[in-house]
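Spelled out from the first residue to the last, the chains are:
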Amino acid sequence: MVDQVTVALLAAIPADAAAPTDGIAGWALSLMDRLGGVGAGIAIALENFFPPLPSEVILPLAGFAASLGSFTLFGALFWTTLGSLVGALGLYAAGRGIGPDRIRRIVDRLPLVDVDDLDRTTAWFERHGGKAVFFGRMVPLFRSLISIPAGVTRMPAWRFVLFTTAGSLIWNSIFVFAGYGLGANWSRVEPYAATFQNIVIGAVVLFAGYAVVKRVRKRRAQSDAN
């Protein structure tokens, strides 16, 4: 038997639109159908550990499901934000488990990376970690990864929870409200989110390339000096 929420969703989708019956959207839809808002929270929690599960798909779909009465809009926001926090806490705990000493040993073995760079990054994070976590929860790619340095630098758990919850609530609200307002056209959000993500990826690649070139030039200068 086809689930009731699935029937409602398919009925609401225009004939020329893609029905979310398979792939990630279909899986998330089935999870929400069986577990309601809790299912949306579980999907978002897993997104922290498995980047192929994009929040940009799950969150608008949760908003759409809320618009159909599968659960309330407040429930969609509550459960997805709780899921974001639970997933982030898992990575935060992993970071604390790794610890600063082990990170230093790992970095010391990496080419083109100096422990001094790690020390500067750690010092910066200790000064601005709250802002980094808050804004990081609203940036693709960094949404999950930002939890690890927070754990490694031993950010107080209460501060991590506070900034993670605040940043996640803003990010989740944007997409849940978009899905709620767009209804059957919830999938229109994804191309805009994908463009934003591509911009972030491009910026990261350029920054990483600049850092590598700068490091190589520094090493060559030191070698020539010797």
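Since we're looking at a predicted model, the values are computed, not measured.

Draft legend 1. Layout of the side chain of Ser84. Of note, Ser84 is situated in helix α5 (residues 73-109). Judged by relative accessible area, which is 0%, Ser84 ranks as buried. Discounting residues that sit within four places of it in the chain, Ser84 has contacts with Ile44, Asn48, Arg137, Arg143, Ser168 and Asn172.

Draft legend 2. Structural view of unusual backbone geometry. Backbone geometry at Arg154 places phi at a positive 60°, although glycine is not the residue there. Its location among the elements puts Arg154 in the loop between α8 (147-152) and α9 (157-182).

Draft legend 3. Spotlight on the environment of Thr80. Mapping Thr80 onto the fold places it in helix α5. Expressed as a C-alpha distance, the spacing of Thr80 and Ser168, which sit 88 residues apart in the sequence, is 8.7 Å. Not counting residues up to four positions away in its chain, the partners in contact with Thr80 are Ala40, Gly41, Ile44, Leu59, Ala62, Asn172 and Val176. Polar contacts involving the side chain of Thr80 include one to the main-chain carbonyl oxygen of Leu77, which spans 3.3 Å.

Draft legend 4. Seen up close, the nonpolar core. Among the nonpolar cores identified, the biggest contains 23 residues, and Met32, Ile58, Leu59, Leu61 and Phe71 are the most heavily contacted of them. Of all the elements in the fold, those that place two or more residues in this core are α2 (23-35), α3 (37-47), α4 (55-67), α5 and α9. Take this core: its biggest share by element is seven residues, from α4. For Phe71, the residues in contact, after removing those within four places along its chain, are Met32, Gly36, Gly37, Ala62, Ala65, Ala66 and Ala76.

Draft legend 5. Highlighting α9. The first and last C-alpha atoms of α9 sit 37 Å apart over 26 residues, in line with the 38 Å expected at 1.5 Å per residue. Where α9 ends, the next residue or the one after it, Gly183, has phi of about 60°, a positive value.

Draft legend 6. Here's a closer look at the UniProt feature "transmembrane region" (unreviewed entry) in the protein chain. The UniProt record annotates "transmembrane region" (unreviewed entry) at residues 160-180 and 192-213. End-to-end, the C-alpha atoms of residues 160-180 are 29 Å apart, and along that stretch the chain is 100% helix and 0% strand.

Draft legend 7. Layout of the side chain of Ser168. Its location among the elements puts Ser168 in helix α9. Ser168 sits in the buried class, given a relative accessible area of 0%. In this view, Ser168 contacts Thr81, Ser84 and Arg137; residues no more than four positions away in its chain are not counted.

Draft legend 8. Focus on α4. Its 13 residues place the ends of α4 18 Å apart at the C-alpha level, agreeing with the 18 Å of an ideal helix rising 1.5 Å per residue. Counted residue by residue, α4 has twelve buried out of 13 residues, so it is predominantly covered. Looking at α4, one finds that the buried residues are Ser55, Glu56, Val57, Ile58, Leu59, Pro60, Leu61, Ala62, Gly63, Phe64, Ala65 and Ala66. Gly69 lies just past α4 and shows a positive phi near 90°.

Draft legend 9. Focus on the pattern of salt bridges. Taken as a whole, this structure holds one salt bridge when the rule is applied. One salt bridge connects Glu47 with Arg143, and the closest N-O pair in it is separated by 3.2 Å. Here Arg143 lies in helix α7 (residues 142-145) and Glu47 lies in helix α3, a separation of 96 residues in the sequence. Both residues of the pair, Glu47 and Arg143, belong to the buried class.

Procedures and definitions
- Residues numbered from 1 in each chain as written.
- Predicted model: local features only at pLDDT ≥ 70, side-chain atom pairs only at ≥ 80, totals over all residues.
- Heavy atoms only, no water.
- Helix = DSSP H or I, 4+ residues; strand = E, 2+ residues; numbered from the N terminus.
- Buried < 20%, exposed > 50% of the residue type's maximum accessible area, 1.4 Å probe, protein only.
- Contact = heavy atoms within 4.5 Å.
- Polar contact = N/O pair within 3.5 Å; in protein donor to acceptor, adjacent residues only side chain to side chain.
- Core = buried A, V, L, I, M, F, W, Y, C linked by side-chain atoms within 4.5 Å.
- Expected span 1.5 Å × (residues − 1).
- UniProt positions renumbered as here; feature names shortened; annotations may be inferred.
- Salt bridge = Lys/Arg side-chain N within 4 Å of Asp/Glu carboxyl O.

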